[in-house]
Amino acid sequence: MSRVAFKTVVYHGNLYLGEVECVPVKDQSFQFPNNEIQIHYISPTSERCSPLSVLQTISSFSVLCKLESTSSIDQSNLINLHASCFYEFKTAVLLLGYEEVHLVAMPSKQKKLPCFWCYSVPCGLYSSCLRMLNLRCLAIVFDLDETLIVANTMKSFEYRIDALRASIARETDPVRSRGMSAELKRYIDDRALLKQYKEGDCIVDNGKVFKVQLEEVPPPSDNLERVVRPVIRLEERNIVLTRINPEIRDTSVLVRLRPAWDNLRSYLTAKRRRRFEVYVCTMAEKDYALEMWRLLDPEAHLIVPKQLLDRVVCVKSGSRKSLKNVFRDGICHPRMAMVIDDRLKVWEDTDQPRIHVVPAFTPYYAPQAETANPVSVLCVARNVACNVRGGFFKEFDENILRRISELFYEDEIVNLPAALDVSNYLMSEDAGFVPNGSAKGSHIPEGMTGSEVERSLSQLDEKVIADSTNNSTSNCPELKSEMSEPPVTIVLNVTDCSYQEHANNRALGVNQEPNELKHELHEKDFLQASQVSEVGICQNQGSSSSKTLQIENGKGDLLPTFSYVGVLEETGRECNSKVEFRTVVSTGKDLQSSVEVQVLFNGEKIGVGMGKTKEDAQQEAAENALHSLLDGSHNSCFACFF
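Residues numbered from 1 in each chain as written. Predicted model: local features only at pLDDT ≥ 70, side-chain atom pairs only at ≥ 80, totals over all residues. Heavy atoms only, no water.

S.K.: Residues and numbers for the packing of aromatic side chains, please.
M.R.: This model, assessed by the stated rule, comprises 13 aromatic pairs. Summarising the aromatic geometry, the rings of Tyr267 and Phe276 are spaced 6.5 Å apart at their centres and angled 50° between planes, so their arrangement reads as tilted. Both residues of the pair, Tyr267 and Phe276, belong to the buried class. Here the aromatic residues Phe392, Phe393, Phe396 and Tyr425 are joined through ring pairs into a cluster of three or more. The cationic tip of Arg311 hangs over the ring face of Tyr279; the distance from NZ or CZ to the ring centre is 4.5 Å. (Phe/Tyr/Trp six-rings, centres within 6.5 Å; stacked < 30°, edge-to-face > 60°. Buried < 20%, exposed > 50% of the residue type's maximum accessible area, 1.4 Å probe, protein only. Lys NZ or Arg CZ within 6 Å of the ring centre and 35° of its normal.)

Structure (structure tokens):
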């Protein structure tokens, strides 16, 4: 198909470089304004990534046109520009509104004169992503409340205590009543600590007196005043008491930090190199969000003070979060970012494949959930991040860079490799997990929400529970160049998980949204690992009594796939009850073979599952059986879950 070419002159500032023909691609008829290319600047030199590989990653298939010189007369400046860009990994950039057009110097099979491909990208995106790709760095976005922290004021404590007392008064099941009473005591104990701090700037905990320490908060911008906050840190208990407004005691807050945060934080910037650029996206008020992040990153290793106002993004309560909003200034492409959040549905649909959903942090409702797991929730998140980064850059190095290096000016745009996306390397659910479409109850959210803080930290705006699943993970396929340690063999002794539904069996009047179910994994034994390097597993010690998983030279999964079958069998052992699986092969209407499995608990059928394989059917049957037990219809075994 013939394409009409337009003669175009090229300038760099006032310097005339030469004349080129602008050849449209994909039947487009793009023309530069006034048939003139006014180069504004030359991009920075890339250390290891060719400009075309960067542009294809952040702006795939957005080639506007091709430029080729047709005359050798008076083209020396254009030849010099082409040679400089080609050999030094640079681009020539012109600005068109809010877009940058990058002239990428290309090799040619036939032509001996300069030729370029022209890419269009949002302003600023190329330079920021170029730096990240050269450093082998991605972006990670954290939610705050019930993901990394749970915070309460005196008002929110009183609300939750009153609600629990009312529920206990209505409860007729003694087992549930005992569970809620234990939760109530935890709230009362923490409220007492906060009351001491609020009234006297000191607390007594386990017979020890802790006084406030004045911590200076670096101003996030030059036009903001210095703030000094009275803070008490109970390091061993992951508790911090702080005051959002140091002048107003009613803004005193007790904050519980999620266990293993230190491990995840150290991974992100280990060995003085930045593996991830860190951002925060929350529905909380700005001052509250900034202080919560300061407690999580007190030494400002993850976000430097001057970047805080841009990188801590607060979304209006009730709105949906989006990576486009987080990176509104073109500082990163959403395809190069992953999210850690306890809720999925609060994010735009296009971003949800890039989210690693963690179980909500519930230190009052289920304090044992964090410590009972062989690998804690944030250690799993660390492993997921490690896997994502390793997989992304393995593909970038072995596929994108190689294929880009083989391209010539004459090649068609359709021959470009597909752009990479973090979602391709993010496993959001265990292979054996079968999502449940409904929930029968809910519990009171454990921390404040953004609206509560925004209204002077005095009114409750409840946070509705949403989807959350735990993640199994495998060792990280980090780049070979980073693996300086010799190969090691890691032996993990891991027992089957025991299961507890986060939101079930509660009747406190908070309705749960359809198709949004919280799960918590309560695993009884700790992980034992002799050596850990880049694979991203926390070093924990403890007992184990079940199967052994051996991983050699980084091969194999670091965690077993989550098994409802194992959970149900463990429950049966605790209840001294017999668990049986009966397999029935059936045929569906489409004449494709399917398997039906029935679960018998002490001879009584309590669950049925269907699947294409026996294993899939057993998983679904075991999950349904667990829900049946948790519904309370089988009280003889209900106590096993507490």
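S.K.: Give me the lowdown on the sheet that holds strand β2 (residues 15-24), citing residues and values where you can.
M.R.: Pairing is mixed in the open sheet, where eight strands are placed in the order β3-β1-β2-β5-β8-β7-β6-β4. The sheet terminates laterally at β3 (36-39) and β4 (41-42), the two strands that pair on one side only. Relative to β2, strand β1 (residues 6-12) is paired through seven bridges, and the arrangement is antiparallel. Looking at the pairing, Phe6 lines up with Cys22 of β2. Sheet strands touched by helix α1 (residues 51-58): β7 (99-105) and β8 (115-122). Its angle to β8, the strand with the most contacts, is close to 35°. Across the sheet, helix α2 (residues 76-88) lies against β1, β2, β3, β4, β6 (92-96), β7 and β8, angled at about 70° from β2, the strand it touches most. (Pairing = 2+ DSSP bridges. Helix = DSSP H or I, 4+ residues; strand = E, 2+ residues; numbered from the N terminus. Contact = heavy atoms within 4.5 Å. Axes fitted to C-alpha atoms, helices over the stretch in contact; angles between N-to-C directions.)

S.K.: Outline the confidence of the model for the protein chain, supporting the account with residue identities and numerical values.
M.R.: When pLDDT is averaged along the protein chain, the result is 77, and 73% of the positions lie at 70 or above. Note that pLDDT drops below 50 for residues 428-442; the model gives that stretch 45 contacts with residues more than four away or on any other chain. Between residues 587-592, whose pLDDT stays under 50, and residues either more than four places distant or in other chains, the model counts three contacts. (pLDDT = per-residue confidence, 0-100.)

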